[in-house]
Amino acid sequence: MSQIRLAIFISGRGSNMEAILDSCAKSDHPAEPVLIMSNRPDAEGLNTAAARGINAAAVDHKPFGKDREAFERAMHAHLTTANVELIALAGFMRILTPWFVEKWTGRLINIHPSLLPKYPGLKTHARALAAGDAEHGCSVHWVTEGVDQGAVIDQARIPILPEDTEETLRARVLEQEHTLYPRALRRACDELLLRN
Ligand code: GRF
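Keep in mind that what you see is a predicted model, and the values were worked out from it rather than measured.

What counts, and where the lines are drawn
Residues numbered from 1 in each chain as written. Predicted model: local features only at pLDDT ≥ 70, side-chain atom pairs only at ≥ 80, totals over all residues. Heavy atoms only, no water. Helix = DSSP H or I, 4+ residues; strand = E, 2+ residues; numbered from the N terminus. Rg over C-alpha atoms; globule rule 2.2 N^0.38 Å. Bend = angle between axes of the 7 residues up to and from the residue. Buried < 20%, exposed > 50% of the residue type's maximum accessible area, 1.4 Å probe, protein only. Phe/Tyr/Trp six-rings, centres within 6.5 Å; stacked < 30°, edge-to-face > 60°. Contact = heavy atoms within 4.5 Å.

Asker: So what exactly am I meant to see when it comes to the overall build of the protein here?
Answerer: Secondary structure assignment for the protein yields six helices and seven strands. Beginning at the N terminus, the succession of helices and strands in the protein can be written as β-α-β-α-β-α-β-α-β-α-β-β-α. Computed over the C-alpha atoms, the radius of gyration of the protein is 16 Å, within 12% of the 16 Å expected from 2.2 N^0.38 for a compact globule of 196 residues. Its C-alpha atoms put the protein at 50 × 40 × 35 Å along the principal axes.

Here is the structure:
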């Protein structure tokens, strides 16, 4: 059976990308990472990907100004050339337009650092602390037009400790992200294979 051709979108460090790459390196994995893309040419993760021998490309969003769709068309061209079948957003800090989301519906997943549907958007750790929540975590979900609104594939949760700060909580959630994302990606692949 041929593997699902996977692209990973990043904007920075790429630690979730690395966790996915580690997991995909296992011989029975249903996905093969074929392309790493960033909207920031200086994203650290691009170097990590290239060092691992994976095709890495940047499309700088800045020259496109407010024309988000033109930026996405440039990204899309890379995806088409690489015959990508599934995209994992991993710390990709651009909101995608309905044009792109529609093109990739059912083949586009994202990780978000909250227990969705709680806290879509930014500053999730600070918001969970401010609300006095007992627990926090992360979710991997299918991407739809509404930001952080699509169906959840899987979640990981941790207790919020009395001494937690935004930083300690972020670090503990990130640790969870690194096991959650590979696990959820496998589920997404299984779903995709069932559909095809
Ligand atoms: C992660 O916490 C992710 O959930 C958030 O941005 C961070 C990206 O980290 N959206 P990394 O680039 O994967 O290290």
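Having seen the structure, we can now continue with the description.
Asker: I keep staring at helix 6 (residues 166–195) and nothing clicks. Help me out?
Answerer: The α-helix advances 3.6 residues per turn, and as a result positions three or four apart in sequence lie on the same side. Along helix 6, the helix axis deviates most sharply at E177, where the bend reaches about 25°. Turning to helix 6, its buried residues number three or more, namely L169, V173, L174, E177, L180, Y181, P182, A184, L185, A188, C189 and L192.

Asker: Is there a simple way to think about the packing of aromatic side chains in this case?
Answerer: Geometrically, a pair of aromatic rings is defined through the distance of the ring centres and the angle of the planes. Evaluated as defined, the whole model comprises five aromatic pairs. Ring geometry for F100 versus W104: centroids 6.3 Å apart, planes at 25°, classification stacked. Separated by four residues within a single helix, F100 and W104 lie in helix 4 (residues 98–104), roughly one turn from each other. The same class applies to F100 as to W104, namely buried.

Asker: Whenever I open this one, the environment of H141 confuses me. Can you help?
Answerer: Examined against the element boundaries, H141 turns out to sit in strand 6 (residues 135–142). If we skip the residues at most four places from it in the chain, H141 touches L108, I109, N110, H112, L116, D148, Q149, G150, A151, V152 and I153.

Asker: In this structure, what is going on with unusual backbone geometry? I would like to understand it.
Answerer: With the exception of glycine, most residues fall at negative phi, and the peptide bonds are largely trans. L116 connects to P117 through a cis peptide bond whose omega is 10°. In this structure, Y119 takes a positive phi of about 55° despite not being glycine. Turning to its location among the elements, Y119 is positioned in the loop between strand 5 (108–112) and helix 5 (124–130). Taking the relative accessible area as the measure of exposure, Y119 reaches 14% and is therefore buried. Its identity is not glycine, yet K123 carries a phi of approximately 55°, on the positive side. Tracing the chain through its elements places K123 in the loop between strand 5 and helix 5. Given the relative accessible area of 57%, K123 is considered exposed.

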